[in-house]
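Residue strings, one per chain:
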Amino acid sequence: MFNYHSNYIYNYRQDGINLTKEESIVYHYTSPEGFLGILTSQNVRFTDIKYMNDRSEGVYFVKLLLDYIDKNKNEYPSAAEVINRLLGENNLEEIKTLKATNIKYRLTEGKIEPARAFLFCTCVDADSLNMWNYYVKNGSYQGYNIGFRVDAFLETIAKMFPENNNISIYYGKVLYTLKQQQEEIKNLLQTIEDAANDNSLLNYAKSNALELYLKRYIDLYGVFYKHHKFAGEQEFRFVIEFDYEFSNRAILDFRDWIDSSKTITEDFCIKNGIITPFLNVPFDKKTISRVYISPMTEFAIAKRSIKEIIYKKGYRVFPVHQSKIPIRY
């Protein structure tokens, strides 16, 4: 885990440090309008997960979990009981076929505090045709991608939050292959199975604790599992998660809590005709490492305009590249 003088920023995989080096760069593809807005405002948008384009967000991981436990019930009987208790109010077949759009949870005792998650999506590939294809307009590729330094971005976020148990921030590569996903699920189930059979733990509290552990895993880690058909996006995600009650109190402005002029604020935009909540998250100017311009864009004049805006807005000089994908039309 990187050390950002914070105890609430984590790589979502325990071995993630081997996959995500501190100096790594990730790329946010966007439209010309989006690119200008990011550089001008020095903010990026974290979108509420419930409003993402993939309708299986928040459901797909649970489907994988149910499929795996169906094939391995005898190996993880205690974990299977925890899953059935936690998900008992759902039509499990609808989840397995991805017809469900919302999942209900219940505890043996007490109630589950709802949470909200906001995502910022990037790509590990600096020049991806799959991603440029989202920015074809009138038969021409019109887009940019911004290379963000992972370490600098997380460092900025860490400085904006007080130490608070209501906030968790996760980051890392999305898993697409079934083999990788099942390996992670196997580790999860084994952890639950071992804890359930640990006689040193008090039985009356054990059931609730394991249900809460599994629910927490689904909330925070489940967003890093996606269907293999999305693999071309090579996504790297940043997730900010709040307790629902905390996120709905008007205290997202932390400037009175910490010594910082930057703050995270909630706002709304129109996305596919839907009013969509998002977080405006500032970044430090040193966070941008480089910029790529889409294929077919007139590079010389586009580069000149970028150089001018970074000078006017006080960014440090960073390289500007053109896509090397040889597209004629």
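See the structure shown above.
Per chain, residues are indexed from 1 in the order of the written sequence. Where totals are concerned, whole chains, interfaces and linings use all residues; where local detail is concerned, this predicted model gives features only for residues with pLDDT of at least 70, and gives and counts side-chain atom pairs only at 80 or more. With hydrogens and water stripped out, all remaining heavy atoms of the structure feed into the side-chain values.

A. Spatial organisation of helix α2 (residues 60–71). Going along the chain from the N terminus, every DSSP run of H or I of four or more residues is numbered as a helix, and every run of E of two or more is numbered as a strand. Expected helix span is given by 1.5 Å per residue-to-residue step, counting one fewer step than there are residues. The end-to-end C-alpha distance of α2 is 17 Å, a good match for the 16 Å that 12 residues give at a rise of 1.5 Å each. Residue burial is assigned from relative accessible area. The probe radius is 1.4 Å, only protein chains are included, and a residue is buried under 20% of its type maximum, exposed over 50%, and partly exposed in between. When you tally the buried positions in α2, you get nine out of 12 residues, the bulk of the element.

B. Molecular detail of the pattern of salt bridges. For salt bridges, the criterion is a side-chain nitrogen of Lys or Arg within 4 Å of an Asp or Glu carboxyl oxygen. Evaluation of the coordinates by the stated rule reveals 15 salt bridges. Between Glu57 and Arg237 there is a salt bridge, and its shortest N-O distance comes to 2.4 Å. Pair noted here: Glu57 is in the loop between β3 (43–48) and α2 and Arg237 is in strand β9 (residues 235–243), with a separation of 180 residues, a long-range link. In this structure, Arg216 engages Glu241 in a salt bridge whose closest nitrogen and oxygen atoms are separated by 3.3 Å. Residue Arg216 is located in helix α8 (residues 203–221), and its partner Glu241 is located in strand β9; the two are separated by 25 residues in the primary sequence. Judged by its relative accessible area of 32%, Arg216 is partly exposed. Connected through shared salt-bridge partners, Glu57, Lys226, Glu233, Glu235 and Arg237 make up one network.

C. View of helix α1 (residues 32–41). Every buried residue belonging to α1 is among Phe35, Ile38 and Leu39, and all of these are buried. Seen end-on, α1 carries its buried residues on one side only, within an arc spanning 90 degrees. A contact between two residues is defined here by any heavy atoms of the two lying within 4.5 Å. As for α1, its buried residues are in contact with β2 (25–30), β3, β7 (144–149), β12 (288–293) and α10 (299–312). Two residues or fewer after α1 comes Gln42, characterised by a positive phi angle close to 60 degrees. Each direction from the helix axis to a C-beta atom contributes to the arc, which is the arc of those directions.

D. Region of the structure containing the pairing of strand β10 (residues 265–271). Direction of pairing for β10 relative to strand β11 (residues 274–282): antiparallel, over a ladder of seven bridges. Each residue of the ladder has a partner; that of Lys271, found in β11, is Ile274. Strand pairing is defined by DSSP finding a minimum of two bridges between the two strands. Where β10 folds back onto β11 in an antiparallel hairpin, the turn is made up of two residues, including Asn272, whose phi is positive at roughly 55 degrees.

E. Up close: the packing of α1 against α10. Every angle, taken between N-to-C directions, lies between 0 and 180 degrees, and every axis is a line fitted to C-alpha atoms, over only the stretch in contact when it is a helix. Two numbers describe how α1 lies on α10: the axes approach to 10 Å, and their chain directions differ by 20 degrees. Between α1 and α10, the interaxial angle falls into the category roughly parallel. For the element pair α1 and α10, the recorded crossing hand is right-handed. Touching Phe35, Leu36, Leu39 and Thr40 of α1 are Ile306, Ile309 and Ile310, all from α10. Roughly parallel covers angles under 35 degrees, roughly antiparallel covers those over 145, roughly perpendicular covers 65 to 115, and oblique covers all other angles. Working rule for handedness: look at the near helix, and if it is turned counterclockwise from the far one by less than a right angle, call the crossing left-handed; if clockwise, right-handed.

F. How the structure looks around the environment of Arg45. Structurally, Arg45 is set in strand β3. With 221 residues separating them in the primary sequence, Arg45 and Glu266 have C-alpha atoms 9.4 Å apart. Other than its neighbours up to four places away in sequence, Arg45 contacts Leu119, Phe120, Cys269, Phe278, Leu279 and Asn280.

G. Inspection of the pairing of β2 at higher detail. Counting buried positions along β2 gives six out of six residues, so the element sits mostly inside the fold. The alternating pattern of β2 places Ile25, Tyr27 and Tyr29 on one face and Val26, His28 and Thr30 on the opposite face, and all of these are buried.

H. Seen up close, the nonpolar core. Nine residue types can take part in a nonpolar core, namely buried Ala, Val, Leu, Ile, Met, Phe, Trp, Tyr and Cys, and a core is a set of them joined through side-chain atoms within 4.5 Å. Grouped together as the largest cluster of nonpolar side chains are 39 residues, with contacts concentrated most on Phe46 and Phe238. Considering each element in turn, this core owes the most residues, six residues, to helix α6 (residues 150–160). Apart from the residues lying within four places of it in its own chain, the contact partners of Phe238 are Val26, Phe46, Phe118, Leu119, Phe120, Thr122, Val150, Phe153, Leu154, Tyr170 and Tyr171. If you look at the next biggest cluster of nonpolar residues, it comprises 32 residues, including Phe61, Tyr68, Leu189 and Ile192.

I. Structural detail: the packing of aromatic side chains. Each aromatic pair joins two rings of Phe, Tyr and Trp (for Trp, the six-membered one) with centres within 6.5 Å, and gets the label stacked for planes under 30 degrees apart, edge-to-face for over 60, and tilted for any other angle. Counted according to the given criterion, the structure contains 18 aromatic pairs. Here the aromatic rings of Phe236 and Phe238 are separated by 5.2 Å at their centres, their planes lie at 55 degrees, and the arrangement is tilted. For Phe238, a relative accessible area of 1% translates into the label buried. In this arrangement the basic side chain of Lys285 is found over the ring face of Tyr315, its NZ or CZ atom lying 5.6 Å from the centre. We call a charge positioned over a ring when the NZ of a Lys or the CZ of an Arg lies within 6 Å of the ring centre and within 35 degrees of the ring normal.

J. Region of the structure containing unusual backbone geometry. Residue Leu98 is not a glycine yet carries a positive backbone phi of 60 degrees. As for its placement among the helices and strands, Leu98 is situated in the loop between α4 (92–96) and β4 (115–123). In this structure, Gln234 is a non-glycine residue whose phi angle is positive, near 45 degrees. Secondary-structure assignment places Gln234 in the loop between α8 and β9. For Gln234, a relative accessible area of 33% corresponds to the partly exposed category.

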